[in-house]
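Given next are the chains, with one letter for each unit.
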Amino acid sequence: MRFVKMQGIGNDYVYIDGFDQQIEQPERLAARVSDRHFGIGGDGLILILPSQIADARMRVFNADGSEAQMCGNGIRCVAKYLYEARRVQRRELTIETAAGLRQLQLRTDAADRVVQVSVDMGAPRLQRSALPMTGPSDEQALGVRLELADQAFEAYCLSMGNPHCVIFVPDVAAVPLALWGPQIETHAWFPERINVEFVQVLSPEAVRQRTWERGAGETLACGTGASAVTVAGFLSGRTGRRIRNQLTGGELELYYSEEGPVIMTGPAVEVCRGTFVPAELLT
Ligand SMILES: N[C@H](CCC[C@H](N)C(=O)O)C(=O)O
């Protein structure tokens, strides 16, 4: 099985081109390839598959094998791979995801390599039922009091196709992420668990984000999470519509448009390529 390792500001995945390879048991494979000792190492596995309605279809599996609806850092890398493999000759692509169709714009360098990708991440969905989240299904959950055993937060819960809980704090470096992250990820409010973003507002145009991802733990970056942060920052009056987000692994530019969608712009980098034998890896 051939794979490509790529990363978007440190959010790294193992990618498998399923146009000419048959992938069995992707959940089991995801958990094994993601292991940074017994596998290749990554935050999860992303499959690049044929689509009837787009240039390709993307399936996202977290390091624990759970499948997610969308991956912002991952979809930038998928677009890079397709363009540089000449699978697509255009710098505008459409990719089918479990969260719907996503439009992307590529920027290339003098050697025609993709150096930056802008993604229309779609519009946020604010109803509790969209995450899903307990409580009245049409009600929003912005600025709600979320209680843990010995801590309470003001939480902004919303969907970018996948669920996010955004919490603003004075200093992200001081957050005990390994303690609070899993407690929020698996809180009873979220029947399908949730991704967690702690955010420090530096100015109306700049924030710093640390991320605890559903099914992956602390990651260096989360593109759907950064998009949710942009929405929560604007709706709570803490930031403008256009921000620079300094995530642990690098920076994203985000714009929560008046029309509704969030536009996210950032890099996509190939790390390496290789092959593995699934039967070996899955032993
Ligand atoms: N852990 C996420 C999927 C990966 C999203 C993240 N890596 C991104 O860049 O958006 C979830 O279970 O919804």
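Parameters and conventions
- Residues numbered from 1 in each chain as written.
- Predicted model: local features only at pLDDT ≥ 70, side-chain atom pairs only at ≥ 80, totals over all residues.
- Heavy atoms only, no water.
- UniProt positions renumbered as here; feature names shortened; annotations may be inferred.
- Buried < 20%, exposed > 50% of the residue type's maximum accessible area, 1.4 Å probe, protein only.
- Helix = DSSP H or I, 4+ residues; strand = E, 2+ residues; numbered from the N terminus.
- Arc of directions from axis to C-beta.
- Contact = heavy atoms within 4.5 Å.
- Core = buried A, V, L, I, M, F, W, Y, C linked by side-chain atoms within 4.5 Å.
- Salt bridge = Lys/Arg side-chain N within 4 Å of Asp/Glu carboxyl O.

- Per an unreviewed UniProt entry, the recorded name for the protein is Diaminopimelate epimerase, and the organism is Desulfuromonas thiophila.
- In the Pathway (unreviewed entry) part of its UniProt record, the protein is described as follows: "Amino-acid biosynthesis; L-lysine biosynthesis via DAP pathway; DL-2,6-diaminopimelate from LL-2,6-diaminopimelate: step 1/1."
- Regarding the protein, the UniProt comment filed under Sequence similarities (unreviewed entry) reads as follows: "Belongs to the diaminopimelate epimerase family."

1. Some words on helix α3 (residues 177–185)
Okay, so step 1: Within α3, the full set of buried residues consists of Leu177, Trp180, Gly181, Ile184 and Glu185. Seen end-on, α3 carries its buried residues on one side only, within an arc spanning 125°.
Okay, so step 2: If you follow the buried residues of α3, they end up packed against β9 (141–148), β10 (151–159), β11 (163–168), β12 (195–203), β13 (206–213) and β14 (217–219).

2. Comments concerning the nonpolar core
Okay, so step 1: Residues Tyr15, Met58 and Leu82 are the most contacted members of the largest nonpolar core, which totals 51 residues.
Okay, so step 2: Tallying contributions element by element places helix α2 (residues 72–84) first for this core, with seven residues.
Okay, so step 3: Non-local contacts of Met58, meaning those with residues more than four positions away in its chain, are made with Ile46, Leu47, Met70, Cys71, Gly74, Ile75, Val78, Ile95, Glu96 and Thr97.
Okay, so step 4: Core analysis: the second largest hydrophobic core is formed by 22 residues, Ala141, Leu146, Leu148 and Val172 among them.

3. A few points about the pattern of salt bridges
Where charged atoms from two side chains of opposite charge come close, those side chains can pair.
Okay, so step 1: Within the structure shown, the criterion is met by 20 salt bridges.
Okay, so step 2: A salt bridge links Glu139 to Arg128; the shortest N-O distance between them is 3.1 Å. Of this pair, Glu139 sits in the loop between β8 (114–120) and β9 while Arg128 sits in the loop between β8 and β9; the two residues are 11 residues apart in sequence, bridging distant segments of the chain.
Okay, so step 3: Put simply, Arg273 and Glu270 hold a salt bridge, and the shortest N to O gap is 2.7 Å.
Okay, so step 4: What makes Arg273 exposed here is its relative accessible area of 51%.
Okay, so step 5: In this structure Glu270 comes out as partly exposed when scored by relative accessible area, which is 26%.
Okay, so step 6: Where salt bridges share partners, they join Lys5, Asp12, Arg36 and Asp43 into one cluster.

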